[in-house]
Amino acid sequence: MKKSRSDAAHDDLDNKTTTLIESIAKQVRANIDGGKLPNITFPVRSLDNVTYDEAKGYFELGGARKVRTLMVNTARSFAQTLRWMATSREMIEHNDFATKREVYYISKNWGDCRFDEQSESDAIMDDIEAMASMYGLSREQLRFYPESHGGSVAGQFIVVDKNPATGAAIEIDCANLGSGAYSIPRSVEHLNFRTDARFVLAIETGGMFQRLNNHRFWETEKCIIVEMGGVPTRATRRFIRLLSDKQNLPVYCFVDCDPYGFANIYRTLKVGSGNAAHINRFLCVPRARFLGVTPQDIIDFGLEDATHPLAMTDVKRAQDALQNDPFIMAHPEWITAIKQLLQMGVRAEQQALAKWGLNYVIDEYLPRKLSNQKSFLP
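Structural notes, computed from the coordinates. (Residues numbered from 1 in each chain as written. Predicted model: local features only at pLDDT ≥ 70, side-chain atom pairs only at ≥ 80, totals over all residues. Heavy atoms only, no water.)

We now examine empty space enclosed by the protein. The rolling of a water-molecule-sized probe over the atoms marks out the regions of remaining empty space. Tallied over the full model, the rule gives 2 cavities of 30 Å³ or more. Of the pockets and cavities examined, the largest cavity occupies roughly 40 Å³. Every residue lining the largest cavity is listed: E140, R186, S187, V188, E189, R234, A235, R238 and L283. With 3 residues, helix α7 (residues 234-247) is the largest single contributor of residues to the lining of the largest cavity. (1 Å grid on protein atoms, 1.4 Å probe; cavity = no way out; pocket = protein on both sides within 12 Å on 5 of 7 lines; lining within 4 Å. Points joined across faces, edges and corners; volume = space filled by probe spheres on them. Helix = DSSP H or I, 4+ residues; strand = E, 2+ residues; numbered from the N terminus.)

Structure representation (structure tokens):
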């Protein structure tokens, strides 16, 4: 049977990953045979090595590199790195996967180079992932999957998954799941979509997602809604990114009006984070825009008496964003919004809109906001 374009692309990535692992192993062997100290080069993962290019739309690693050379004091970490990569190659061969926690326990059979703590294992994995990212590969291509799956999704679209045992296509109609929703799997690279939706609405809280889903807001507005559940997991971010790219859909974000919602939840979805700059190119959603709740919404929708005072941690987070966050600093609109929030001294939750009625968000707030997309923050 002829392979689909998606399956062929997946095989290409498997081949690319295997080739990278084998090339590193061969270079290590060649150095040893030639009497040289073998080494492996990794990107430096720190905020000092992060840049933000507005044209690209995400935080990315700079050019700083570190070299791990096989010496007496690095012999253990060097061996652990090679065993990690060997495990990755084996999983590709057998079409299998492992979580970071599982590899930590697998290492108990690695003799002297076993991991004593999960933090050791995580650090090595992050280094390998950062190195692979230099060649356009993500952790999922290395066959290491996150522990947490994605959020919930509903709307007028079909997810084309496949039977893991047979490879046969499975179509899930997300408009016909009753009062439930589609749960984003841990790995989404193999998924395809069919939809005539107009946009994706990414929602911070599960409660708000449930309200919009139960009232089939997505049917009225011809959209797809995604529950982020706070800072979205990498599976959720990758799912939204693929959905947006493959179906050419804009993404609008609906989160609480507070510094955490702005600088952590939304910023992470749109441009990524500084300490994960090596994977932002895969996970961020540059087309995302901030629908609300904005500081101006508090005024425009009469929510002043449904707010809460900013805590000291809120103020500190807001000031830090204004002074140190490359994304916020690059957009005058965000600088103005955060300064406005600090001046008001309050924050507002999505649920504050229930002041005007449980379904005010569906009947009034979202339709009004969606009719004026020019007011969305970048």
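Read on for the rest.
The full count for this structure, using the stated rule, is 18 aromatic pairs. Ring plane angle 75° and centroid distance 5.1 Å describe the contact between F290 and W334, whose orientation is recorded as edge-to-face. Separated by 44 residues along the polypeptide, F290 in strand β15 (residues 288-292) and W334 in helix α13 (residues 332-344) bring together distant segments of the chain. The burial state of F290 is the same as that of W334; both residues are buried. (Phe/Tyr/Trp six-rings, centres within 6.5 Å; stacked < 30°, edge-to-face > 60°. Buried < 20%, exposed > 50% of the residue type's maximum accessible area, 1.4 Å probe, protein only.)

Within helix α8 (residues 259-271), 11 of the 13 residues are buried, which leaves the element mostly enclosed by the surrounding structure. Once α8 ends, the next one or two residues include G272, with phi positive near 95°.

Before going further, it helps to spend a moment on the packing of helix α5 (residues 206-214) against helix α14 (residues 360-370). Close contact between α5 and α14 brings their axes to 10 Å; oriented N to C, the two are set at 100°. Of the possible angle classes, the one that applies to α5 and α14 is roughly perpendicular. In this structure, α5 contributes M208, R211 and L212 to the contact, and α14 contributes V361, I362 and L366. In the contact of α5 with α14, the residues fall into 5 nonpolar, no polar and 1 charged. (Axes fitted to C-alpha atoms, helices over the stretch in contact; angles between N-to-C directions. Parallel < 35°, antiparallel > 145°, perpendicular 65-115°, else oblique. Contact = heavy atoms within 4.5 Å. Nonpolar A, V, L, I, M, F, W, Y, C, P; charged D, E, K, R; others polar.)

Only one face of strand β2 (residues 50-53) is buried, namely the one carrying V50 and Y52, since none of T51 and D53 on the opposite face is buried. Here β2 folds back onto strand β3 (residues 58-61), and the loop between the two strands holds 4 residues, one of which, G57, carries a positive phi near 90°. (Pairing = 2+ DSSP bridges.)

It is worth spelling out the sheet that holds strand β8 (residues 157-162) at this point. Read across the open sheet, the 3 strands follow the order β9-β8-β11; overall the sheet is antiparallel. Pairing within the sheet leaves two strands with one partner each, and these edge strands are β9 (169-173) and β11 (192-195). For this sheet the average axis-to-axis angle between neighbouring strands, irrespective of direction, equals 25°. Pairing between β8 and β9: 5 bridges, direction antiparallel. Paired with V160 across the two strands is E171, which belongs to β9.

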